[in-house]
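Secondary and tertiary structure notes
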Amino acid sequence: MEKQKKRFTIVVFTENQVGLLNRISIIFTRRGLNIESVSASASAVSDIHKMNFTLFSDRETLEKVIGQIEKCIDVLRAFLYTDDEIVYQEIALYKVPTQRLLDEKNLERIIRVHNARILEITRDYTVIEKTGHESETQALYELLKQYDIQQFMRSGRISVTKSPTEHINHYLEEASRRLNRKEEQSK
Amino acid sequence: MSKKITGSEAMCRALLAEGVDTIFGYPGGAIMSFYDSLYGYSDRLRHILCRHEQGCIHAAQGYARASGKVGVVSVTSGPAATNVVTGLSDANIDSTPLVVITGQVGVDSLGTDAFQETDVIGITLPVTKWAYQIQDPEEIPWAVARAFYIASTGRPGPVVLDFTKDAQLGLLDWDYERIDYIRSYDPDPEPNPADLSTAAALINRAERPLILAGHGVMISGAEEALISLAEKADIPVAATLLGLSTIPSDHPLNKGMLGMHGNIAPNFKTNEADVIVAVGMRFDDRVTGRKDAYAPNAKIIHIDIDRSEFGKNLKAHTSIHSDARRALEALLPMVNKASHKEWLDSFAHAEQVEATEVMERELHPTDTEGNALRMGQVVRKISEATGNEAILVTDVGQNQMMAARYFKFTRSKSMLTSGGLGTMGFCLPAAIGAKIGAPSREVVAFMGDGGFQMTLQELGTIMDLGLAVKIVILNNNFLGNVRQWQELFFGGRFSATPLRNPDFVMIARAYGIEAENVADASQLDGAVERMTSSKGAYLLNVNIETTDKVFPMVAPGSAVDEIMLDPKRRYSPAE
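Residues numbered from 1 in each chain as written. Chains lettered and ligands numbered in written order. Predicted model: local features only at pLDDT ≥ 70, side-chain atom pairs only at ≥ 80, totals over all residues.

1. Some thoughts on the overall build of chain B
Each helix and strand counted, chain B has 24 helices and 20 strands in total. Its C-alpha atoms give chain B a radius of gyration of 24 Å, near enough to 25 Å, the size a compact globule of 575 residues would have. Summarising its shape, the C-alpha atoms of chain B cover approximately 80 × 60 × 40 Å along the three principal directions. Looking at the 575 residues of chain B, the share that counts as buried comes to 57%. In chain B, of all internal contacts separated by at least 6 residues, the share reaching a separation of at least 24 is 77%. (Helix = DSSP H or I, 4+ residues; strand = E, 2+ residues; numbered from the N terminus. Rg over C-alpha atoms; globule rule 2.2 N^0.38 Å. Buried ≥ 20, exposed ≤ 12 C-beta atoms within 10 Å, placed from the backbone. Contact = placed C-beta atoms within 7 Å.)

This is the structure we're talking about:
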């Protein structure tokens with residue numbers, strides 16, 4: 001078992017029930033694990049939600065955590081991924097004083113090189129958006145720092161797997177077989 | 001169209017639909033509507049009024065574990081809800097099925113610091129199997145059905161239903177359907193055939209196999225299957241604290257209790273075993289001692305219904321994910337008839353040493369200070385006086401370990417104790433619940449003078465109901481287990497452990513409970529005779545030698561084969 005710490009992504013598929021995010025985050029807190037980012041949204045399966053957590057820890061610990069997450073009622077499955085097993089992305093917004101940007105001769109180059117885009121321009125401020133990995137949104141942050149960034153925010157990681165198998169579908173098939181067996185038994 | 005009923009009424013009907021006939025509770029502001037409805041159901045739903053909400057929940061735990069049914073609790077919001085948190089945590093770690101209904105303020109007042117409002121769901125999420133706030137009366141049938149299904153199936157556990165005033169007072173059309181399926185939850189997984197084959201092959205090749213029987217054996221009703229398997233393959237059985245009474249004490253394959261204060265033989269032999277079959281247990285640190293020195297020669301087969309237990313504390317060679325009963329019944333025909341006479345005989349040395357060097361001084365003391373008694377002799381005497389057929393309920397500490405060590409069992413589900421959480425004050429209310437859950441059985445409650453005083457208000461419940469609970473205070477005027485550690489590991493600095501106690505006999509009598517002091521050994525037989533022949537509750541306040549200590553002991557940080565016989569000597573197989 002690898003004991004060395006690195007960044008992992010935990011993907012949790014859940015029913016749409018109140019309080020689940022709380023119940024799951026308690027499992028991390030109990031072990032003193034710091035959640036680096038979190039995001040949640042609908043999944044490709046109707047009525048099933050998908051949560052993404054990124055954490056810095058070791059595989060052995062997180063495998064135990066996965067077991068405890070899956071134990072929660074209304075959690076369907078939880079998966080543990082390293083960065084190379086998923087395609088992932090984050091989005092960042094930067095609010096910068098417009099006046100400072102107007103003085104910048106290289107603005108076009110910055111936007112172009114970083115593949116960023118401008119969402120809004122007013123007399124007072126400009127909002128720039130960039131999607132990418134954390135290192136990429138951070139690189140733009142470092143560059144824009146010279147223009148006195150007024151506000152900045154980066155979203156949690158969102159991800160999809162590179163695996164050819166959709167494990168959640170297998171789980172759902174199993175669960176519906178279980179339901180069929182129940183129904184047959186009760187007949 | 002059917003006539004609408006209130007949510008409170010629906011809750012009563014839902015409880016009846018789930019087969020509930022007993023509720024342990026305490027009323028208050030935010031649950032009054034429910035109590036008003038309950039009044040109309042008092043012929044079918046018996047309400048046991050305990051004297052503190054912690055008492056209610058421990059009583060419900062005792063009831064659940066003695067009867068095998070779900071324990072039901074109803075309390076009000078705020079402080080009442082926080083008072084049940086210890087019991088929830090206890091039930092969660094000891095896999096006890098409970099449904100706890102907490103009153104809650106109106107929906108509009110949630111989150112406003114209204115009177116007796118507290119975030120019950122937020123507080124109880126980490127210590128429950130499921131917790132749900134009912135805001136709308138229409139949700140009641142679904143929530144109650146789900147609560148009972150979740151609490152009682154799979155690895156059982158506590159569920160909280162936070163019952164808002166809106167849901168109690170609002171109206172709904174009554175329609176109830178029990179639940180037996182939740183998509184995200186499979187409480188009865190089938191053992192994987194490949195895992196069973198691997199396990200059977202390991203057992204069939206084993207020369208020194210050992211079965212560890214945990215609480216899961218009793219929860220799943222696997223006692224018979226376990227004994228059959230052990231007998232067929234001639235495998236010695238050791239029990240965890242919560243696994244006690246799985247197999248009768250005098251069964252030739254029963255090799256006693258595991259753990260810090262367990263018997264020498266099963267602990268020591270754990271490290272000689274070549275195959276360990278761990279059934280419905282979770283390798284708690286009190287059982288394993290130092291983990292890196294635990295069972296170094298064994299291939300471990302871990303059977304559990306809770307998949308998250310696999311590898312949580314210990315890596316097993318093979319795990320079987322299912323109910324203990326299903327797994328053992330499936331294994332039985334796959335396991336060869338065998339004889340392990342030499343291996344079984346090798347337990348005798350440790351058993352002999354324990355009998356002469358440890359147990360003799362507890363059971364037949366000749367040299368106690370001030371003629372006081374030792375805990376072991378009291379426990380054994382009372383066990384025998386009940387024909388070893390009573391339900392043993394213990395508190396936590398020395399009394400617990402001594403009771404576990406010296407009480408004898410002939411029937412399953414006869415040991416109720418707070419194992420995982422170690423909750424002092426558990427015993428007295430749990431004994432009340434046990435007596436209500438198993439009224440035909442004798443219930444004997446052993447506790448220390450410390451633990452008794454944590455929940456002694458429940459003597460009022462015993463008085464009220466006229467319950468024939470037999471209460472034994474093993475009184476050494478000390479917080480004995482902490483005292484033992486202070487003596488052994490903290491240089492005899494008895495920090496905050498001496499207790500100046502009241503007259504417990506007078507306290508019992510104030511509650512109309514017969515009671516007597518047992519000052520020395522000459523008074524024991526008569527007192528026990530009077531207690532066991534009494535038709536009602538009875539309390540014995542037994543004078544225990546202050547320095548009486550629980551041995552043998554696998555000291556903290558030691559391996560299970562490093563066993564203290566007393567403060568100075570270690571067990572050695574070459575002795």
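This is not the end of the story, as more comes after the structure.
2. Focus: the sheet that holds strand β4 (residues 75-82) of chain A
The strands that make up a sheet pair up through hydrogen bonds in the backbone, lying either parallel or antiparallel. Residues and elements named next belong to chain A. Here we have four strands laid out as an open sheet, ordered β2-β3-β1-β4, and antiparallel in their pairing. Only two strands of the sheet have a single neighbouring strand rather than two, namely β2 (35-42) and β4. The sheet shows a mean angle of 15° between the axes of neighbouring strands, direction not considered. As judged from the seven bridges shared by β2 and strand β3 (residues 49-57), these two strands associate in the antiparallel manner. Across the sheet, Ala42 pairs through a bridge with His49, a residue of β3. On top of the sheet, helix α6 (residues 167-186) reaches β1 (6-14) and β4; it is set at about 155° to β4, its chief contact. (Pairing = 2+ DSSP bridges. Axes fitted to C-alpha atoms, helices over the stretch in contact; angles between N-to-C directions.)

3. So, unusual backbone geometry
Residue and element names in this part refer to chain B. The omega torsion of the bond from Phe551 to Pro552 falls at 0°, within 30 degrees of zero and hence cis. Of note in this structure, Asp113 is not a glycine but carries a positive phi near 60°. Judged by the 8 C-beta atoms lying within 10 Å of it, Asp113 falls in the exposed class. For Ser245, which is not glycine, the phi torsion reads 85° and is therefore positive.

4. Some remarks on the pairing of strand β5 (residues 86-97) of chain A
Residue and element names in this part refer to chain A. Both β5 and strand β9 (residues 158-161) contribute to a ladder of four bridges, which runs antiparallel. Paired with Ile86 across the bridge in β9 is Thr161. The pairing of β5 with strand β7 (residues 125-132) spans eight bridges and is classified as antiparallel. Residue pairing for β7: Glu90 is matched across the bridge by Gly132. Pairing analysis gives four bridges linking β5 to strand β8 (residues 151-154), with the strands arranged antiparallel. Its bridge partner lying in β8, Leu93 is registered against Met153.

5. A short note on the nonpolar core
Grouped together as the largest cluster of nonpolar side chains are 209 residues, with contacts concentrated most on Leu226(B), Val279(B) and Ala445(B). A per-element tally of this core places helix α7 (residues 140-152) of chain B first, with eight residues. Beyond its immediate chain neighbours, meaning those up to four positions away, Leu226(B) contacts Ile211(B), Ala213(B), Val217(B), Thr246(B), Ile247(B), Val279(B) and Leu328(B). Counting eight residues, the second largest nonpolar core, distinct from the first, contains Tyr94(A), Ala116(A), Leu140(A) and Leu144(A). (Core = buried A, V, L, I, M, F, W, Y, C linked by C-beta atoms within 7 Å.)

6. Re the domain arrangement of chain A
Residues and elements named next belong to chain A. When its domains are assigned, chain A resolves into domain 1 (6-86) and domain 2 (88-158). Spacing between the C-alpha centres of domain 1 and domain 2 amounts to 30 Å. Listed by partner, the interface residues are seven residues for domain 1 and five residues for domain 2. Those elements that provide at least two residues to the side of domain 1 that touches domain 2 are β2 and β3. Broken down by element, the side of domain 1 that touches domain 2 gets its largest block of residues, three residues, from β2. (Domains from an automatic or database assignment.)

7. Topic: the interface of chain A and chain B
Contacts between the two partners involve 18 residues from chain A, matched on the other side by 19 residues from chain B. Where the side of chain A that touches chain B is concerned, the elements lending two or more residues are α1 (20-30), α2 (59-71), β4 and α6 of chain A. Class assignment for the residues of the side of chain A that touches chain B results in six nonpolar, four polar and eight charged. (Nonpolar A, V, L, I, M, F, W, Y, C, P; charged D, E, K, R; others polar.)

8. Structural notes on the pairing of β3(A)
Residues and elements named next belong to chain A. Taking burial as the measure, the nine residues of β3 include seven buried ones, the bulk of the element. Sheet analysis places β1 next to β3, joined by nine bridges and oriented antiparallel. Paired with Ile10 across the two strands is Phe53, which belongs to β3. The hairpin formed by β2 and β3 contains six residues between the paired strands, and Asp47 there has a positive phi angle of roughly 70°.

9. Points about the packing of helix α1 (residues 7-17) of chain B against α7(B)
All names here are of chain B. Viewed as axis vectors pointing N to C, α1 and α7 meet at an angle of 30°, and their least axial separation amounts to 10 Å. Between α1 and α7, the interaxial angle falls into the category roughly parallel. The two elements α1 and α7 meet at a crossing, and its hand is right-handed. Contacts from Gly7, Ala10, Met11 and Ala14 in α1 reach Ile140, Pro141 and Val144 in α7. In terms of residue class, the contact of α1 with α7 is made up of six nonpolar, one polar and no charged. (Parallel < 35°, antiparallel > 145°, perpendicular 65-115°, else oblique. Left-handed = near helix turned anticlockwise from the far one by under 90°.)

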